[in-house]
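Remarks on the overall topology
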Amino acid sequence: MQGSSTPVPEQVENFKQEVLTRLRYDVGKDAADAYAHDWFEALALAARRYIVDGWDEASHSIDRGRRKRVYYLSLEFLIGRLLIDNLSNLGLLEIAREALLQLGVDLEQVRLAEPDAALGNGGLGRLAACFMESMATLDIPAYGYGIRYEHGLFRQSIADGWQQEQPETWLDFGNPWEFERPECSISIGFGGSVYALNGSDGSARQHWEPMERLRAVAYDMPIVGWRRAGVNTLRLWRARGEETLKLDRFNAGDHLGAVADTARAESISRVLYPADSTEAGQELRLRQEYFFVSASLQDLLQRHLGQGLALASLPARVAIQLNDTHPAIAVAELMRLLLDDHYLQWEQAWGLTVATLSYTNHTLLPEALESWPVALMERLLPRHMQIIYLVNAFHIDALRAKDIHDFALLRAVSLIEEDNGRRVRMGNLAFLGSHSVNGVSALHTELMRETVFRDLHRLYPARISNKTNGVTFRRWLFQANPELTGLLCECLGRELLDDPERRLRGLEAHAGDAAVQRGFAQQRRHNKARLAQLVEERLGIRLDVEALFDVQVKRIHEYKRQLLNLLHAVALYQDIRNDPAAPRLPRVKIFAGKAAPSYHQAKLIIKLANDIARIVNDDPTVRGLLKVVFIPNYNVSLAEAIIPAADLSEQISTAGLEASGTSNMKFALNGALTIGTLDGANVEMSERIGLENLFIFGLTAQQVEARKHAGELSMAGEIAASPRLQEALQAIGSGVFSPDDANRYTALVEGLRHDDRFMLCADFEAYWQAQARVEALWREPARWWHAAVLNTARVGWFSSDRTIREYAEEIWKVPVGG
Ligand code: 26V
């Protein structure tokens with residue numbers, strides 16, 4: 001891509017020497033016996049040199065300029081590999097490639113040696129990573145705060161079609177991008193009791209005496225913006241046992257006890273929770289949440305006060321964004337720090353808290369809405385529980401003062417849920433403690449106003465706003481698809497690289513241009529061949545690059561409806577079997593994604609995909625016209641390989657349930673056409689790309705809601721009306737794809753017949769018709785590629801730079817540079 005800018009030989013020589021120096025003195029290897037991973041490390045350390053100067057300078061000039069800082073608190077940062085990202089943003093990519101070439105080393109091999117940092121589950125974590133890159137690019141002074149999990153999201157393998165989980169070990173060979181900061185070690189308490197004291201001025205104060213203490217140690221990773229516009233910090237906390245306590249116990253002879261305490265403390269940053277909706281409510285998870293929130297807030301307050309600034313100026317200098325409710329305990333923790341450590345009065349502390357915090361909601365799924373049992377909170381965080389009760393009391397009093405006495409309303413907006421055992425509602429806490437609450441697509445924000453936050457929204461109508469998600473084009477276009485980027489640069493000029501959001505629009509004028517269309521088709525074929533090679537290596541399945549690559553890659557979840565896609569695959573298969581001679585369009589259905597380890601239904605869907613694949617791929621009547629592949633271990637790196645090779649992007653969630661989606665944007669950016677429901681950001685994508693350039697089908701969110709409300713979950717009518725669906729259900733349910741266990745899917749199919757909460761049967765015919773429209777268009781290459789070019793041309797608005805600009809201007813009130 002940036003190959004067109006030939007590197008200066010002197011720069012190449014300097015960089016080469018730097019890499020060799022690092023290899024010898026830091027990695028301890030000679031060029032002759034270095035493995036790919038050694039080269040990766042040397043290269044990363046060499047690149048680091050170029051980052052550090054800018055990094056230091058950035059932080060000092062922010063202090064000097066008294067600029068406001070953004071703190072993005074997130075339990076997840078799904079960063080993936082960083083080598084190409086960093087080299088490319090530093091402008092060193094071609095220099096590094098050439099330097100390695102001169103050393104007889106292939107940059108591509110070195111790239112693959114970097115572990116994929118999977119400190120996140122899916123969309124929410126990846127969004128945080130895209131946001132970090134965009135903030136650096138827009139030169140917004142920002143810190144990301146999270147946990148340095150020793151084990152990120154589990155590695156998925158497939159054994160006999162079933163998902164197996166293995167621990168992920170990204171830190172086995174160290175991490176050359178991080179800087180350990182042992183001097184930045186913050187004390188975190190749990191448990192114990194709260195005492196009332198009298199302050200020196202006679203005022204009443206509360207003192208929390210935790211029973212347990214541990215330390216949070218900072219590890220910093222620099223985040224480089226495009227062309228080094230800004231260099232920010234991702235500060236991840238690692239839990240360590242408290243040294244002094246350990247020593248005391250050791251000296252007292254209690255060796256095992258001391259070690260057990262340390263292990264308990266350190267378990268907090270051991271592993272990422274591998275669920276994106278279930279498994280909420282576990283104590284370790286609450287400990288993780290409080291651990292990183294407390295460390296981050298103490299750290300940022302220290303930085304603020306260290307600059308000689310008063311607490312009263314906190315909102316002027318600091319904006320804290322809560323990524324979902326996972327860091328919502330920040331509301332109570334910031335109050336605690338201001339009240340108990342800094343002796344502010346309640347009103348002032350509350351004013352500062354609300355003015356500093358803001359909160360993003362990422363899901364409406366009831367099972368993902370966090371709430372913690374009051375009893376657990378009282379045991380683990382007794383002072384916070386007191387503060388939450390007080391916040392609640394003031395909140396309810398204020399409503400009564402406004403003459404609001406409706407009991408049902410007061411119950412609904414309370415921080416405490418009374419009927420399900422007593423629990424603290426973290427969504428309500430985050431809402432009340434923030435000056436801004438946002439959703440992640442227009443539809444999702446509207447549904448937030450109408451559902452989860454209906455009553456709070458009525459009381460605070462100005463608080464909710466929408467910030468539609470975006471993705472970073474540097475990673476998802478420039479790096480993932482250098483061929484297409486090269487083509488776009490030829491067509492639109494290299495200025496595209498600096499302003500893709502706007503420049504891409506220039507492509508519209510070329511959408512009908514046969515040469516541009518041919519270019520798109522050629523680069524796609526190239527990426528498909530590359531993916532086909534990966535599939536053959538990993539799965540031993542050969543793919544036809546002329547076939548339509550129909551792709552659904554994302555977490556496996558019932559609401560995302562991989563099962564609807566599989567029903568379509570089965571129906572296609574039956575069509576072929578019923579009429580083998582009819583002309584057909586060759587199609588490859590590609591799936592990838594992880595299921596939460598305890599989510600049985602999702603794991604069964606993975607098994608079904610693999611069962612269908614085995615039967616269909618081996619059936620001689622099919623003659624390769626239909627292939628089904630499930631590629632194991634979906635992660636950021638695999639996404640980078642799959643997305644640029646997709647012809648068709650499946651975004652088929654039950655309307656109303658996908659908050660936004662972000663892979664939908666990545667696919668469209670790379671010129672894939674979307675088949676999708678009017679859900680999440682698909683709605684806005686279809687408005688901008690033009691309905692004629694994607695394939696929209698199915699019930700709307702309103703229609704889904706109406707059906708659910710009417711209790712119409714039995715699908716007998718729909719099934720009777722669709723012989724195709726009937727036959728597909730019959731085949732799956734009776735064991736056609738599971739001859740070894742004919743009843744494996746009987747219950748699954750019965751569920752679809754009688755309790756189809758996700759509306760698969762209700763949407764099946766519409767989906768089938770939409771897929772037929774896909775095939776019709778695919779048969780007319782000029783029209784297909786015209787639409788593909790328009791997808792790339794019109795999707796610029798979905799850049800995370802645009803999203804971040806909106807957060808900066810409307811929520812954080814920080815100036816945007818870059
Ligand atoms: C919930 C839980 C609950 C307990 C255990 C661990 C855990 C981890 C994550 C979550 C929240 C999941 C919410 C989420 O990932 N939402 C996704 O956010 C994307 C970025 O805004 C958006 O594009 C997706 O549509 C949305 O599903």
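No experiment lies behind these values; they were computed from the predicted model shown.

Calculation criteria
Residues numbered from 1 in each chain as written. Predicted model: local features only at pLDDT ≥ 70, side-chain atom pairs only at ≥ 80, totals over all residues. Heavy atoms only, no water. Pairing = 2+ DSSP bridges. Helix = DSSP H or I, 4+ residues; strand = E, 2+ residues; numbered from the N terminus. Buried < 20%, exposed > 50% of the residue type's maximum accessible area, 1.4 Å probe, protein only. Arc of directions from axis to C-beta. Contact = heavy atoms within 4.5 Å. Phe/Tyr/Trp six-rings, centres within 6.5 Å; stacked < 30°, edge-to-face > 60°. Lys NZ or Arg CZ within 6 Å of the ring centre and 35° of its normal. Near = heavy atom within 4 Å. Polar contact = N/O pair within 3.5 Å; in protein donor to acceptor, adjacent residues only side chain to side chain. Areas by Shrake-Rupley, 256 points an atom, 1.4 Å probe, with all protein chains shown as cover. UniProt positions renumbered as here; feature names shortened; annotations may be inferred. Axes fitted to C-alpha atoms, helices over the stretch in contact; angles between N-to-C directions. Left-handed = near helix turned anticlockwise from the far one by under 90°. Nonpolar A, V, L, I, M, F, W, Y, C, P; charged D, E, K, R; others polar. Salt bridge = Lys/Arg side-chain N within 4 Å of Asp/Glu carboxyl O. Parallel < 35°, antiparallel > 145°, perpendicular 65-115°, else oblique.

Some remarks on the sheet that holds strand 19 (residues 548-553)
The strand order across the open sheet built from 6 strands is 21-20-19-22-23-24, with neighbouring strands paired in parallel fashion. The outermost strands of the open sheet, each flanked by one partner alone, are strand 21 (626-630) and strand 24 (695-696). With 4 bridges connecting them, strand 22 (residues 648-651) and strand 23 (residues 673-676) associate as parallel partners. Across the sheet, Gln651 pairs through a bridge with Gly676, a residue of strand 23.

Some thoughts on helix 17 (residues 442-450)
Among the residues of helix 17, those classed as buried are His444, Thr445, Leu447 and Met448. The buried residues of helix 17 occupy one face: seen down the axis, they fall within an arc of 165°. Packed against the buried residues of helix 17 are strand 17 (436-439), helix 18 (454-459) and strand 18 (464-466).

Here we look at the side chain of Thr356
Residue position: Thr356 is located in helix 12 (residues 346-356). Thr356 sits in the buried class, given a relative accessible area of 1%. If sequence neighbours within four positions are ignored, Thr356 has contacts with Leu314, Pro315, Val318, Ala319, Ile320 and His435.

Comments concerning the packing of aromatic side chains
Inspection of every chain in the model, using the stated rule, returns 23 aromatic pairs. When the ring of Trp346 is compared with that of Phe394, the centres are 5.2 Å apart and the planes differ by 45°; the resulting orientation is tilted. In this pair, Trp346 sits in helix 12 while Phe394 sits in helix 14 (residues 382-401), placing the two residues 48 residues apart along the sequence. A residue is classified by how much of its surface remains accessible, and Trp346, at 15% relative accessible area, is buried. Connected via pairs of aromatic rings, a cluster forms that spans Tyr71, Tyr143, Tyr145 and Trp237. Here Arg688 stacks its cationic end above the ring of Trp797, 3.8 Å away from the centre of that ring.

Topic: the site of the ligand
Not every one of the 21 residues close to the ligand is listed here, only the nearest: Ala275, His362, Asn469, Glu658 and Gly661. Take Tyr559: an N or O atom from its side chain is 3.4 Å from an oxygen atom of the ligand. A distance of 3.0 Å separates an oxygen atom of the ligand from a polar atom in the backbone of Ser660. For the ligand, whose unbound accessible area comes to 600 Å², protein coverage reaches 95%. Sorting elements by how many residues they give to the shell around the ligand places helix 6 (residues 123-137) first, with 3 residues.

Here we look at the pairing of strand 9 (residues 204-209)
For a regular strand, side-chain orientation follows a simple rule: the groups alternate between the two sheet faces. Note that strand 8 (residues 193-198) and strand 9 share 6 bridges and pair antiparallel. Counted as the bridge partner of Ser193 is Glu209 from strand 9. Between the antiparallel neighbours strand 8 and strand 9 lie 5 residues, among them Gly202 with a positive phi of about 85°.

Some points on the UniProt feature "modified residue: N6-(pyridoxal phosphate)lysine" (unreviewed entry) in the protein
In the numbering adopted here, UniProt assigns the feature "modified residue: N6-(pyridoxal phosphate)lysine" (unreviewed entry) to Lys666. Position of Lys666 among the secondary structure elements: in helix 26 (residues 663-669).

Considering the packing of helix 1 (residues 9-27) against helix 2 (residues 36-64)
For the pair helix 1 and helix 2, the least separation of the axes is 8 Å and the interaxial angle reads 115°. For the pair helix 1 and helix 2, the crossing hand works out as right-handed. Listed contacts from helix 2 to Phe15, Glu18, Val19, Leu20, Arg22, Leu23, Asp26 and Val27 of helix 1 are Asp38, Trp39, Glu41, Ala42, Leu43, Leu45, Ala46, Ala47, Arg49 and Tyr50. Here the residues of the contact of helix 1 with helix 2 are counted per class, giving 12 nonpolar, no polar and 6 charged.

Some remarks on the pattern of salt bridges
Here the structure, examined in full by the defined rule, presents 67 salt bridges. In this structure, Glu333 and Arg336 form a salt bridge, with 3.0 Å as the shortest nitrogen-oxygen distance. Taken as a pair, Glu333 and Arg336 lie in helix 11 (residues 330-341) at a separation of 3 residues, close to a single helical turn. An identical accessibility class is assigned to Glu333 and Arg336; each is buried. The partner of Asp340 in a salt bridge is Arg383, and the shortest N-O contact between them spans 2.7 Å. Here Asp340, found in helix 11, pairs with Arg383, found in helix 14; they are 43 residues apart in sequence, far enough to count as distant. When sorted by exposure, Asp340 lands in the same class as Arg383, which is buried. Via salt bridges that share partners, Asp160, Lys607, Asp611, Arg614, Asp740, Asp741 and Arg744 belong to a single interconnected network.

A word on unusual backbone geometry
Here the phi dihedral of Asp403 falls at roughly 70°; this positive angle occurs in a residue that is not glycine. For Asp403, the location among the structural elements is in the loop between helix 14 and helix 15 (407-413).

Structural notes on the pairing of strand 2 (residues 77-80)
Judged by which residues are buried, strand 2 turns out to be covered on both faces: Phe77 and Ile79 on one side and Leu78 and Gly80 on the other are all buried. In the sheet, strand 2 pairs with strand 3 (residues 117-119) via 2 bridges, with the strands oriented antiparallel. The residue bridging Gly80 from the neighbouring strand is Ala117, located in strand 3.

What about the packing of helix 30 (residues 723-734) against helix 31 (residues 746-754)?
As a packed pair, helix 30 and helix 31 sit with axes 7 Å apart at the nearest point and diverge in direction by 150°. Taken as axis vectors, helix 30 and helix 31 run roughly antiparallel relative to one another. Where helix 30 crosses over helix 31, the handedness of that crossing is left-handed. In this structure, helix 30 contributes Leu729, Gln730, Ile732 and Gly733 to the contact, and helix 31 contributes Thr746, Val749, Leu752 and Arg753. Taken together, the residues that form the contact of helix 30 with helix 31 break down as 4 nonpolar, 3 polar and 1 charged.

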